[in-house]
Amino acid sequence: MIVKYIVAIILFSVIILFHEWGHFLLAKANNIRVNEFSLGLGPTIVGFQRGETKFSLKLLPFGGACMMEGEDSDSEDSRSFQKKPVWGRISVVAAGPVFNFIMAFLFSVIIIGSLGVNLPVVSDVMDGYAAQEAGLQSGDEIIKMNHKRIHFYKEISMYSLFHEGEPVEVTFVRDGETHQVELTPSYDEESGRYLYGIYGNNAYTRLNPAKTLVYGVYEVKFWIQYTVRSLEMLFTNQVSVNDLSGPVGIVKVIGDAYEESMADGYFYVFLNMLNLGILLSANLGVMNLLPIPALDGGRLVFLVIEAIRGRRISENKEGLVHFIGLMCLFALMLLIMFNDVRKLIM
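If you're wondering where the values come from, they're calculated on a predicted model, not measured in any experiment. (Residues numbered from 1 in each chain as written. Predicted model: local features only at pLDDT ≥ 70, side-chain atom pairs only at ≥ 80, totals over all residues. Heavy atoms only, no water.)

**So, the side chain of S160**
Part 1: Mapped onto the fold, S160 is located in helix 4 (residues 154–162).
Part 2: Judged by relative accessible area, which is 7%, S160 ranks as buried.
Part 3: The contact partners of S160, leaving out residues within four places of it in the chain, are R193, Y194 and Y196. (Helix = DSSP H or I, 4+ residues; strand = E, 2+ residues; numbered from the N terminus. Buried < 20%, exposed > 50% of the residue type's maximum accessible area, 1.4 Å probe, protein only. Contact = heavy atoms within 4.5 Å.)

**Re the environment of L326**
Part 1: With respect to the helices and strands, the residue L326 is situated in helix 9 (residues 315–345).
Part 2: On the basis of relative accessibility, which here comes to 34%, the residue L326 falls in the partly exposed class.
Part 3: In this structure, the C-alpha to C-alpha distance between L326 and I292, residues 34 residues apart in sequence, is 9.1 Å.
Part 4: For L326, the residues in contact, after removing those within four places along its chain, are P293 and A294.

**Things to note about the pairing of strand 7 (residues 177–183)**
Part 1: In terms of strand pairing, strand 6 (residues 168–174) meets strand 7 through 7 bridges, oriented antiparallel. For E169, the partnering residue across the bridge sits in strand 7 and is E182.
Part 2: Following strand 6, the chain reverses through 2 residues before pairing antiparallel with strand 7; D175 in that reversal takes a positive phi of roughly 55°. (Pairing = 2+ DSSP bridges.)

**With respect to the sheet that holds strand 7**
Part 1: Strand order in the open sheet made by the 4 strands is 5-4-6-7, with antiparallel pairing throughout. Where the open sheet ends on each side, the last strands, each with one partner, are strand 5 (148–149) and strand 7.
Part 2: Two strands pair when backbone bridges link them, and strand 4 (residues 141–145) and strand 6 are joined in this way by 4 bridges, in the antiparallel orientation. Within strand 6, the residue paired with I142 across the bridge is F172.

**Examining the packing of helix 5 (residues 209–235) against helix 7 (residues 266–289)**
Part 1: Contact pair helix 5 / helix 7: the axes reach a minimum separation of 9 Å and the direction vectors enclose 55°. Judged by the angle between their axes, helix 5 and helix 7 are oblique. Pair helix 5 / helix 7 crosses with right-handed handedness. Packed against helix 5, whose contacting residues are E219, W223, I224, T227, V228 and L231, the element helix 7 presents N275, I278, L279, A282, N283, V286 and M287 at the interface. (Axes fitted to C-alpha atoms, helices over the stretch in contact; angles between N-to-C directions. Parallel < 35°, antiparallel > 145°, perpendicular 65-115°, else oblique. Left-handed = near helix turned anticlockwise from the far one by under 90°.)

What follows is the structure, given as structure tokens:
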């Protein structure tokens, strides 16, 4: 029982560490002094000094930090964060989210190289639905939905989810020839969803090394788009804050996936953990790029403004904005954690 939670915490920690490692490497590349590199939050459990940097493990296994000299306070050190050119500071702040996308790409390449990809090929159509009426057949490969290029079968499901009930122009290939049809989805009472009436297959197509790398990029793009569209649904009240999951909920999801995968063997456990890692890493990268004070995206907004103006915004004003943002984030995290715990109990 406890093993699945240990695995979940390890995976979550690896993703956080890779994010902070991005900040760390770019800080070193820009000759910025890093005072502490930590995993977790709260009091230090164990730590050691290596050179100028203290490496530490904190009590709460959620989050991490790369604490640079002069990042949030005045410092006369010539190697402090604020003493460096603005574009160097931008690279340091942006490195965390970028490294999350790199990690998602590496995980994607491993999975696709091991299993292949589930291409958007029609295996059958449902009686009475739009796909049958438009003449789609088994073997047709869907390559576009409106202007969106389709690479995986799951992109069809994602398009349907985020464009419920909307007609769509579908471009597909049959026997080497390209065709276009318009599909208007119908509401299915049993599933509670709008359906085009398309069945996919569970077959995976193996790719050569070059295509594996290309499809690794497509996979990361898919999860970035999924995260962005999900956020749009949150901001347009299509989903509520109660539908969000924080660290507690994420650890539970990872742990449950680990437990369910055990029946298929350790290799598939490994692949399923990587698949969740892609989702979480891409999600963390997108969330940190949002222009919210205290997050990397919020800091980037101030740095870009500085680059355009040629001078910094008042440190006091910027500090106040980040402090207010941090308090709001803590309040949101507490609410999400409360919901996660409530879901565990119920």
